[in-house]
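Here are the chains, one letter per residue:
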Amino acid sequence: MSGVQHPQVKTQENVTVYKILVAISLIHLLNDSLQAVIPAAFPVLQQSMSLTYAQIGLLSFTLSMTSSVLQPVVGLYTDKRPTPRLLALGMMMSMIGMIGIALAPSYLLVIFAIFFVGLGSAVFHPEGSRVAYMASGGRRGFAQSIYQVGGNAGSAMAPLLTALLFVPFGQFGAIWCTGLALLAIPVCLYVARWYQGQLDAGLFRAKPKKTVASGTAEAANRRKIGFAIVLLVFLVFARSWTSSGFHNYYQFYLIHDYGISITNAQAYVFTLAVAIVVGTLVGGPLGDRVGRRNVLLVSLLGALPVTLLLPHVSLFWAYPLLFLLGVVLASSSAATVVYAQELLPGKVGVASGLIVGLAFGLGGIGSVVLGNLADWYGLKFVMWFCSLLPLLGFLAFLLPSDRKLREMVE
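These notes cover the structure that comes with them. (Residues numbered from 1 in each chain as written. Predicted model: local features only at pLDDT ≥ 70, side-chain atom pairs only at ≥ 80, totals over all residues. Heavy atoms only, no water.)

## Looking at the overall build of the protein chain
Right, so step 1: Helix and strand counts for the protein chain come out as 15 helices and zero strands.
Right, so step 2: Counting only residues that meet the buried cut, the protein chain has 58% of its 410 residues in that class.
Right, so step 3: Taking contacts inside the protein chain between residues at least 6 apart in sequence as the whole, the part at least 24 apart equals 85%.
Right, so step 4: If you sum the accessible surface of the protein chain, you get close to 17,300 Å²; carbon and sulfur atoms cover 69% of it. (Helix = DSSP H or I, 4+ residues; strand = E, 2+ residues; numbered from the N terminus. Buried < 20%, exposed > 50% of the residue type's maximum accessible area, 1.4 Å probe, protein only. Contact = heavy atoms within 4.5 Å. Areas by Shrake-Rupley, 256 points an atom, 1.4 Å probe, with all protein chains shown as cover.)

In structure tokens, the structure reads:
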């Protein structure tokens, strides 16, 4: 009977786990709110520094590439040596970047400050995703949704930051965002104590499980898994470029072609951002129920008719279509991460860093490419190009179903 857990003890543990999920989601919210400062500052920086669309794209590229290149590296290290203190360390790096953005007198120094924000994000995200995995209780899609919804809520702050901080205060408005980092650090320390306690109790082992890569007899499965990873990355590419195009450049399209103000344009961007939060919250549990590959398939193909309509509708219809686009695109966010974790069992940090970091990184590359296309061919061409990207979602049919995936890795 000693091995039977008392119901009250189990209830207390469940309450603690939910507290940890909420806490790590809050940290994610605050972390990504700091990242949201950068796109929020785009309209103001464009006017004050006379930037081209390509230069704006380079700012986004700096943030996303710093984060995306380093996230899998950090994940590879922490898969072998889980490091709870990285949660707070990443937040402190982002705070340094915020101070730099507020005070930078030149374009090059703005880029340097953004580098620190990206570095802080790269340090935080793999360990944040690991905490969500540890606290999932087997409901990985649900836990990943709770974790990611915090990040998407933080990203949704960008248009509010533009309207409330950068329009009235200019570039220096970023200094107020350092308070977000100061708020996050004690929460990071709280989560880190729980995280360290799990490690000390031996409830989470850093060493990976045996995978299909360990036997020559499973060479065929290894090839299938390798193909699935590459294809998953490509689908993340399609989703990221679509999201990046509408999130970063649709506001300029509205300002240029519809003649609305910067402040009014933020209402449309905010609508998209809120929808992404809703889609993320819904998508994870849905993936637990109907299969993660199915959610990814519907996410991309379901976005196609919406993206085709958006550049041609009136301002009134732009609101519901943007909301629908955000919900549908973001519904696969958590499902994609969990699908990658199941492709690479025992490598939570690498899988999370690869997909979350890569999604952000590819979005940054997309910002540079789309910025150059906007300079060369105009914003209408960029909107048309982004409208067709969800067509690539048909490739999701080539991914193994969730059932076949489990058979491959067992």
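## A look at helix 10 (residues 292-309)
Right, so step 1: With 18 residues, helix 10 extends 27 Å from end C-alpha to end C-alpha; this agrees with the ideal 26 Å at 1.5 Å per step.
Right, so step 2: Of all the bends in helix 10, the greatest reaches close to 25 degrees and is centred on Ala 303; the proline Pro 305 follows between one and four positions later.
Right, so step 3: The set of residues buried in helix 10 consists of Arg 292, Arg 293, Val 295, Leu 296, Leu 297, Ser 299, Leu 300, Ala 303, Leu 304, Val 306 and Thr 307. (Expected span 1.5 Å × (residues − 1). Bend = angle between axes of the 7 residues up to and from the residue.)

## Quick word on the nonpolar core
Right, so step 1: Within the largest apolar cluster, 106 residues are counted, with the highest numbers of intra-cluster contacts made by Leu 59, Phe 166, Tyr 250, Leu 310 and Leu 343.
Right, so step 2: Setting aside residues up to four positions removed in sequence, Leu 310 forms contacts with Phe 246, Tyr 250, Ala 318, Leu 321, Leu 322 and Leu 325. (Core = buried A, V, L, I, M, F, W, Y, C linked by side-chain atoms within 4.5 Å.)

## Regarding the pattern of salt bridges
Right, so step 1: For the coordinates displayed, the defined rule picks out five salt bridges.
Right, so step 2: Notably, a salt bridge pairs Lys 380 with Asp 257, separated by 3.7 Å at the nearest N-O pair. Of this pair, Lys 380 sits in helix 14 (residues 379-388) while Asp 257 sits in helix 8 (residues 219-258), and the two are 123 residues apart along the sequence.
Right, so step 3: On the accessibility criterion, Lys 380 (57% relative accessible area) is exposed.
Right, so step 4: Among the ionic pairs, Asp 288 bridges to Arg 292, the shortest N-O distance being 2.7 Å.
Right, so step 5: By relative accessible area, Arg 292 is classed as buried at 11%.
Right, so step 6: Salt bridges sharing common partners tie together Asp 79, Glu 127 and Arg 130. (Salt bridge = Lys/Arg side-chain N within 4 Å of Asp/Glu carboxyl O.)

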